[in-house]
Amino acid sequence: MAYSGAVKVGGPADVHELADLMISKVAVGPMDNNAYLLRCRDTGTQLLIDAANDPDTLLRLIGEDGIAAVVTTHRHGDHWQALDTVVQATDARTYAGRYDAEGIPVPTDVPLEDGDTVTFGRIELTARHLTGHTPGSIALVYDDPHGHPHLFTGDCLFPGGVGNTFGDAEHFRSLLHDVETKLFGRLPDETWVYPGHGADTTLGNERPHLAEWRERGW
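J.: What's the story with the overall build of the chain in this structure? I'm lost.
T.: A count of helical and extended segments in the chain gives five helices and 15 strands. By principal-axis analysis of the C-alpha atoms, the chain measures approximately 50 × 35 × 30 Å. Charged side chains of the chain number 16 positive and 33 negative; the gap between the two group centres comes to 2 Å.

J.: Can you walk me through the pairing of strand 8 (residues 117-120) in this structure?
T.: The side chains of a regular strand alternate between the sheet's two faces. By the alternation rule, side chains of strand 8 split into Val118 and Phe120, which are all buried, and Thr117 and Thr119, of which none is buried. As judged from the four bridges shared by strand 8 and strand 9 (residues 123-130), these two strands associate in the antiparallel manner. Note on strand 9: the bridge partner recorded for phenylalanine 120 is isoleucine 123.

J.: Looking at this model, I keep getting lost on the environment of cysteine 156. Mind explaining?
T.: Within the secondary structure layout, cysteine 156 lies in the loop between strand 11 (150-154) and strand 12 (157-158). Assessed through its relative accessible area of 0%, cysteine 156 is described here as buried. When the C-alpha positions of cysteine 156 and threonine 108 are compared, they lie 20 Å apart, and in sequence the two are 48 residues distant. Those residues in contact with cysteine 156, other than ones at most four positions away along the chain, are Leu130, His133, Ser137, Val162, Gly163, Leu175 and Val179.

J.: Where do I start with the packing of aromatic side chains in this structure?
T.: What characterises a pair of aromatic rings is the spacing of the ring centres plus the angle enclosed by the ring planes. For the coordinates displayed, the defined rule picks out seven aromatic pairs. Seen in terms of ring centroids, phenylalanine 184 and tryptophan 213 are 6.5 Å apart; in terms of plane orientation they differ by 70°. Their pairing is edge-to-face. Of the two residues, phenylalanine 184 sits in helix 3 (residues 169-184) while tryptophan 213 sits in helix 5 (residues 210-216), which places them 29 residues apart along the sequence. Pair check on accessibility: phenylalanine 184 and tryptophan 213 agree, each one buried.

J.: Just to check I follow, could you spell out the nonpolar core for this structure?
T.: Generally speaking, nonpolar side chains in soluble globular proteins are found buried as a group. Leu38, Leu47 and Leu125 are the most contacted members of the largest nonpolar core, which totals 24 residues. Of all elements in the fold, only strand 2 (21-28), strand 3 (33-40), strand 4 (46-49), strand 5 (69-72), strand 7 (110-112), strand 8, strand 9 and strand 10 (137-142) reach the threshold of two or more residues within this core. When near neighbours in sequence (up to four residues on either side) are disregarded, leucine 38 contacts Leu21, Met22, Ile23, Thr45, Gln46, Leu47, Ile49, Phe120, Leu125 and Phe152. Ranked by size, the runner-up nonpolar core spans 20 residues in total, among them Ile62, Ile67, Val86 and Ile104.

J.: What is the right way to look at helix 3 in this model?
T.: Along an α-helix, a turn takes 3.6 residues, which lines up residues three or four apart on a common side. For helix 3, with 16 residues, the first-to-last C-alpha span of 21 Å sits near the 22 Å given by 1.5 Å per residue. Among all positions in helix 3, only Phe172, Leu175, Leu176, Asp178, Val179, Lys182, Leu183 and Phe184 are buried. Seen from one end, helix 3 has its buried residues packed into an arc of 165°, which puts them on one side. Facing away from the buried side of helix 3 by over 90 degrees, the exposed positions are Glu170 and Arg173. The opening residue of helix 3, the one whose side-chain oxygen lies 3.0 Å from the backbone nitrogen of glutamate 170, is aspartate 168.

J.: Explain unusual backbone geometry here, please?
T.: Glycine aside, residues mostly have negative phi, and peptide bonds are mostly found in the trans state. For the bond running from glycine 29 to proline 30, omega is 0°, close enough to zero to count as cis. Of note, proline 30 is situated in the loop between strand 2 and strand 3. For phenylalanine 166, which is not glycine, the phi dihedral falls at a positive 55°. Note that phenylalanine 166 resides in the loop between strand 13 (161-162) and helix 3.

Thresholds, definitions, all that
Residues numbered from 1 in each chain as written. Predicted model: local features only at pLDDT ≥ 70, side-chain atom pairs only at ≥ 80, totals over all residues. Heavy atoms only, no water. Helix = DSSP H or I, 4+ residues; strand = E, 2+ residues; numbered from the N terminus. Lys, Arg positive; Asp, Glu negative; His and termini not counted. Charge placed at Lys NZ, Arg CZ, Asp CG, Glu CD. Buried < 20%, exposed > 50% of the residue type's maximum accessible area, 1.4 Å probe, protein only. Pairing = 2+ DSSP bridges. Contact = heavy atoms within 4.5 Å. Phe/Tyr/Trp six-rings, centres within 6.5 Å; stacked < 30°, edge-to-face > 60°. Core = buried A, V, L, I, M, F, W, Y, C linked by side-chain atoms within 4.5 Å. Expected span 1.5 Å × (residues − 1). Arc of directions from axis to C-beta. Polar contact = N/O pair within 3.5 Å; in protein donor to acceptor, adjacent residues only side chain to side chain.

Written out as structure tokens, the structure is:
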């Protein structure tokens, strides 16, 4: 079956098969978070984005091959509830945005700045620092050499808008600015977006609505 990105807590992972990379998306509770297992097809090396919850589910997904790293997209607790258990079970290195690392109770081995890269196997991800949902949220870009980019946005970009800035107008302006300049301004419409909760989208689906988001203020 073709990848749709539609997953539910307790259900199976949905797998997006690219030429060099396999992306397995799974939903974990209780806040319907998405976690993404990335596997380099050439080496078998794996990386997890957001050990959000349900460590047994994540460890079954990871399997006996283990993981080289876990990247936490931001400091909010629903994105790292399983992090300690997963790291202890796999001895994975931990990555997070430099300005959110202090808010994550599991120590961050590698703090990420805007433009830093995370490499596993033959796969390279580029971190983009987006300020507003939290001070140090990061998105991760995989620039597929055989096709369009793939973008993991945490809670900074969803179908229908940017992430929650909790009624703070300055934080909203900051997040929208960073999303516009660092994501929409650099990546094509075909870019596939994998958010921290819910359904996937593309930048092309969302781009026509940027002015609307700015006007409404959220």
